[in-house]
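Chains, contacts and geometry: an overview
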Amino acid sequence: AAGVIQSPRHLIKEKRETATLKCYPIPRHDTVYWYQQGPGQDPQFLISFYEKMQSDKGSIPDRFSAQQFSDYHSELNMSSLELGDSALYFCASSLGASGTDTQYFGPGTRLTVL
Amino acid sequence: QKEVEQNSGPLSVPEGAIASLNCTYSDRGSQSFFWYRQYSGKSPELIMSIYSNGDKEDGRFTAQLNKASQYVSLLIRDSQPSDSATYLCAVNRPGNTPLVFGKGTRLSVIA
């Protein structure tokens with residue numbers, strides 16, 4: 001079965017640079033969530049989109065922005081990168097209309113900020 | 001206090017034994033409850049979901065939910081070394097809402 005796709009899988013950036021992470025949800029899934037997981041931490045919710053509209057906002061820094069496009073893929077844009085942004089970034093998708101809220105995670109993007 | 005609490009472990013069990021993982025949550029409005037398995041450096045993998053009080057079994061895994069006690073558990077029967085991982089308990093409110101995770105319990109199955 002098709003899964004959530006994330007790209008790139010690994011990314012190395014310098015401080016103050018920008019980064020764009022991409023997420024392609026499971027086909028027919030209409031809801032996308034972004035989570036950040038620091039070393040030894042649990043995943044922390046950043047932002048989510050349902051039917052291309054922002055649905056929830058978590059602990060996302062103002063330096064980050066995201067959107068969901070007409071094909072339901074989503075991009076997380078990160079600017080003025082800081083050392084503390086180094087983490088695993090996961091995208092998850094769900095079928096909002098199913099009512100079961102089950103979220104399936106992509107393989108993640110490992111961001112390293114030097 | 002964190003919204004979702006788990007013992008961080010490590011929990012060590014011998015191969016073939018039953019591993020019991022526990023989780024409590026504070027938001028009484030929570031409706032959906034999930035157990036994810038996460039290997040180091042990998043993404044969370046859904047193991048079980050449970051929505052109503054009682055037990056739900058899937059192969060070697062059994063999830064138990066008690067909403068009155070705000071308690072969720074996961075039993076792993078016939079534990080295998082490949083079950084060694086961090087198990088994340090996650091809950092969310094009704095609708096397309098974000099998951100709130102516990103810090104995870106690290107399970108080690110000793111061969």
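Shown above is the structure to which this text applies.
To start, this report covers the structure provided alongside it. Small disclaimer: the values here were computed from a predicted structure and weren't measured.

Quick notes on the rules
By convention here, each chain's residues receive numbers from 1 onward along its written sequence. All chains are assigned letters beginning with A, and all ligands numbers beginning with 1, in the order in which they are written. Residue-level local features of this predicted model are given only where pLDDT is at least 70; pairs of side-chain atoms are given and counted only at 80 or more, and the full residue set underlies all totals for whole chains, interfaces and linings. Heavy atoms throughout the structure, all of them, feed into the side-chain values; hydrogens and water do not. Between any two strands, at least two bridges found by DSSP are needed for them to pair. Numbering of helices and strands runs from the N terminus, with a helix taken as a DSSP run of H or I at least four residues long and a strand as a DSSP run of E at least two residues long. Lines fitted to C-alpha atoms define the axes, with helix axes restricted to the stretch in contact, and inter-axis angles between N-to-C directions lie between 0 and 180 degrees. Here a pair means two rings of Phe, Tyr or Trp (six-membered ring of Trp) with centres within 6.5 Å. Their orientation is stacked below 30 degrees between planes, edge-to-face above 60, and tilted elsewhere. Between buried and exposed lies partly exposed: a residue is buried under 20% and exposed over 50% of the maximum accessible area for its type, with that area taken using a 1.4 Å probe on protein chains only. Any two residues having at least one pair of non-hydrogen atoms within 4.5 Å are treated as being in contact. When two parts are brought into contact, each loses some accessible area as probed by a 1.4 Å sphere; the total of that loss over both is the buried area. Salt-bridge detection follows one rule: a side-chain nitrogen of Lys or Arg within 4 Å of a carboxyl oxygen of Asp or Glu. Within 3.5 Å is the distance limit for a polar contact, defined as a pair of N or O atoms, with the added protein rule that one can donate a hydrogen and the other accept it, and that residues adjacent in sequence qualify only through two side-chain atoms.

Below, the discussion takes up the sheet that holds strand 1 (residues 5-7) of chain A. Residue and element names in this part refer to chain A. If you walk across this open sheet you meet the 4 strands as 1-3-8-7, and the pairing is antiparallel. Each edge of the sheet is formed by a strand with only one pairing partner; in this case those strands are strand 1 and strand 7 (64-68). For this sheet, the mean angle separating the axes of adjacent strands, direction not counted, is 15°. Strand direction decides the pairing type here: strand 1 and strand 3 (residues 19-24), joined by 3 bridges, are antiparallel. Each residue of the ladder has a partner; that of Ile5, found in strand 3, is Tyr24.

Attention now goes to the sheet that holds strand 3 (residues 19-25) of chain B. Residues and elements named next belong to chain B. The strand order 1-3-8-7-6 describes an open sheet built from 5 strands, whose pairing is antiparallel. The open sheet is flanked by strand 1 (4-6) and strand 6 (54-58), the only strands paired with a single partner. When strand polarity is set aside, the average angle formed by the axes of neighbouring strands in this sheet is 20°. In this sheet, strand 8 (residues 71-76) lies alongside strand 3 in antiparallel orientation, the contact comprising 6 bridges.

This brings us to the packing of aromatic side chains. Scanning the model with the defined rule gives 11 aromatic pairs over all chains in all. Both rings, one in Tyr35 of chain A and one in Phe101 of chain B, keep their centres 5.8 Å apart while their planes meet at 85°; by these two values the pair is edge-to-face. Here Tyr35 of chain A is found in strand 4 (residues 31-37), whereas its partner Phe101 of chain B is found in strand 10 (residues 100-101) on a different chain. What makes Tyr35 of chain A buried here is its relative accessible area of 0%. Residue classification places Phe101 of chain B among the buried residues on the basis of a relative accessible area of 1%. Ring geometry for Phe105 of chain A against Phe101 of chain B: centres 6.1 Å apart, planes inclined by 70°, an arrangement best described as edge-to-face. With Phe105 of chain A in strand 10 (residues 104-105) and Phe101 of chain B in strand 10, the pair connects residues from two separate chains. You can call Phe105 of chain A buried: its relative accessible area is 11%. Taken together through their ring pairs, the aromatic side chains of Tyr33, Tyr35, Phe45, Phe90 and Phe105 of chain A together with Phe34, Tyr36, Tyr51 and Phe101 of chain B make up a single cluster.

Many descriptions give the size of an interface as the accessible area lost when the pieces come together. Between chain A and chain B, the contact holds 24 residues from the first and 24 residues from the second. Summed over both sides, the interface between chain A and chain B buries roughly 1700 Å², with carbon and sulfur atoms accounting for 49% of that surface. For chain A, the biggest contributors to the area lost against chain B are Asp42, Asp101 and Phe105 of chain A; these three give 31% of the whole. At the junction of chain A with chain B, the criterion picks out 1 salt bridge. With a closest N to O distance of 3.5 Å, Asp42 of chain A and Lys103 of chain B form a salt bridge. In this assembly, chain A and chain B are joined by 7 residue pairs in polar contact (both at pLDDT 80 or more). Mapped onto the side of chain A that touches chain B, the elements with two or more residues apiece are strand 4, strand 5 (44-50), strand 6 (53-57), strand 9 (87-94) and strand 10 of chain A.

What follows deals with the pattern of salt bridges. Residue and element names in this part refer to chain B. A complete count under the given rule lists 9 salt bridges over all chains for this structure. Where Arg93 meets Asp27, a salt bridge forms, and the shortest distance between an N and an O atom there is 2.7 Å. Pair noted here: Arg93 is in the loop between strand 9 (85-92) and strand 10 and Asp27 is in the loop between strand 3 and strand 4 (32-38), with a separation of 66 residues, a long-range link. Judged by relative accessible area, which is 44%, Arg93 ranks as partly exposed.

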